[in-house]
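Spelled out from the first residue to the last, the chains are:
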Amino acid sequence: MKTLNLFALVLLSGFLAISLSLSACGGTEEKSEEELRDMLLDMEDMVQEIHDDVMPITNDLRRKSQELMAYLEAHADHLDQEAQNEVRSLIMRLENAHQGMFDWMGEWADADKADMEFDEAKKFFEKEKERISQVADDMRSSLADAEDFLKALADDHGHDHE
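Of the regular secondary structure elements, the protein holds five helices and zero strands. Seen in sequence order, the protein has helices and strands lined up from the N terminus as α-α-α-α-α. Sorting the 162 residues of the protein into buried and exposed places 28% on the buried side. Long-range contacts, defined here as pairs at least 24 residues apart, represent 81% of the contacts in the protein between residues at least 6 apart.

Printed below as a string of structure tokens:
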């Protein structure tokens, strides 16, 4: 009886191992190693392109934050609490977006991408694409909102002097 149970256990273990290895491939079993490597390189390039697209606006984020800080300092006595909070919120969003980019870059650089297996690397690049896309959205939206705010101020001042 023990021999039969042992045999059944070995057979079941072998079946599970084969099943898991087949399911882990997830449609990649027909692709060559070179095709899989190219797929990962394309995914990495996609992530890098998103980064490269928004990296140039990091200086703009810093500049707009400084403009808003200067405005807040110069006009704090004339602004109600709600207006001050709005300016502070814009500054915080700009700084968080700026920091988000540098945090992402540090984590990206620290990741050991070369030693990852295919499935791990694929999941990593998918996750990183989502993360850098969110960073890019945060950067663009905070910058656009700050620019809109500053433009509205300039328009208001232009009307005051007419």
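What follows picks up the thread again.
Our focus in this paragraph is the packing of helix H2 (residues 33–54) against helix H4 (residues 81–110). What describes two packed helices is the angle between their axes and the distance between those same axes. Across the interface, H2 lies against H4 with an axial gap of 12 Å and an inter-helix angle of 150°. It follows from the interaxial angle that H2 and H4 lie roughly antiparallel. Between H2 and H4 the crossing geometry is left-handed. Each of Glu44, Val47, Gln48, His51 and Val54 in H2 lies in contact with H4, whose residues at this interface are Met101, Trp104, Met105 and Trp108. Looking at the contact of H2 with H4, its residues break down into six nonpolar, two polar and one charged.

Opposite charge on two side chains permits them to pair, given that their charged atoms come into close proximity. Evaluated as defined, the whole model comprises nine salt bridges. A salt bridge links glutamate 107 to arginine 131; its shortest N-O distance comes to 2.3 Å. Taken as a pair, glutamate 107 in helix H4 and arginine 131 in helix H5 (residues 118–160) lie far apart in primary sequence, 24 residues in all. Relative accessible area serves as the criterion here: at 41%, glutamate 107 is assigned to the partly exposed category. Ionic pairing is found between glutamate 128 and lysine 127, a salt bridge with its closest N-O pair at 3.7 Å. Accessibility expressed as a relative area gives 2% for glutamate 128, which makes it buried. Members of the salt-bridge network, linked through shared partners, are Glu107, Lys127, Glu128 and Arg131.

For the protein, mean pLDDT is 84; residues scoring 70 or higher make up 79% of the total. Across the protein, element-level confidence peaks in H4 with a mean pLDDT of 97 and bottoms out in helix H1 (residues 2–25) with 42. In this model, residues 1–24 is a region of pLDDT below 50 whose contacts with residues beyond four sequence positions or in other chains number one contact.

Together, Glu34, Glu35, Asp38, Asp42, Asp45, Glu49 and Asp52 make up a negatively charged patch on the protein surface. Residue classification places glutamate 35 among the partly exposed positions, given a relative accessible area of 43%.

Glancing now at H4. In an α-helix, one turn spans 3.6 residues; hence positions three or four apart end up facing the same way. A rise of 1.5 Å per residue sets the reference length of H4, with its 30 residues, at 44 Å; its end C-alpha atoms lie 42 Å apart and thus fit the reference within 8%. One side-chain oxygen of the residue at the start of H4 lies 3.2 Å from the amide nitrogen of glutamate 82, identifying that residue as aspartate 80.

With that out of the way, let us pick up the packing of aromatic side chains. Given two aromatic rings, one states the distance between the centres and the angle between the planes to describe the pair. The tally for this structure, following the rule as stated, stands at five aromatic pairs. Aromatic side chains tyrosine 71 and phenylalanine 149 sit 6.2 Å apart centroid to centroid with 80° between the ring planes, which places their arrangement in the edge-to-face category. One end of the pair, tyrosine 71, is in helix H3 (residues 58–75); the other, phenylalanine 149, is in helix H5, and 78 residues separate them in sequence. Here the two residues tyrosine 71 and phenylalanine 149 agree in accessibility, since each one is buried. Among the aromatic residues, ring-to-ring pairing joins Trp104, Trp108, Phe124 and Phe125 into one connected group. The cationic tip of lysine 113 hangs over the ring face of tryptophan 108; the distance from NZ or CZ to the ring centre is 4.4 Å.

Rules behind the numbers
- Residues numbered from 1 in each chain as written.
- Predicted model: local features only at pLDDT ≥ 70, side-chain atom pairs only at ≥ 80, totals over all residues.
- Heavy atoms only, no water.
- Helix = DSSP H or I, 4+ residues; strand = E, 2+ residues; numbered from the N terminus.
- Buried < 20%, exposed > 50% of the residue type's maximum accessible area, 1.4 Å probe, protein only.
- Contact = heavy atoms within 4.5 Å.
- Axes fitted to C-alpha atoms, helices over the stretch in contact; angles between N-to-C directions.
- Parallel < 35°, antiparallel > 145°, perpendicular 65-115°, else oblique.
- Left-handed = near helix turned anticlockwise from the far one by under 90°.
- Nonpolar A, V, L, I, M, F, W, Y, C, P; charged D, E, K, R; others polar.
- Salt bridge = Lys/Arg side-chain N within 4 Å of Asp/Glu carboxyl O.
- pLDDT = per-residue confidence, 0-100.
- Patch = residues over 30% accessible without salt bridge, like charges linked within 9 Å, V, L, I, M, F, W, Y side chains within 5 Å.
- Areas by Shrake-Rupley, 256 points an atom, 1.4 Å probe, with all protein chains shown as cover.
- Lys, Arg positive; Asp, Glu negative; His and termini not counted.
- Charge placed at Lys NZ, Arg CZ, Asp CG, Glu CD.
- Expected span 1.5 Å × (residues − 1).
- Polar contact = N/O pair within 3.5 Å; in protein donor to acceptor, adjacent residues only side chain to side chain.
- Phe/Tyr/Trp six-rings, centres within 6.5 Å; stacked < 30°, edge-to-face > 60°.
- Lys NZ or Arg CZ within 6 Å of the ring centre and 35° of its normal.

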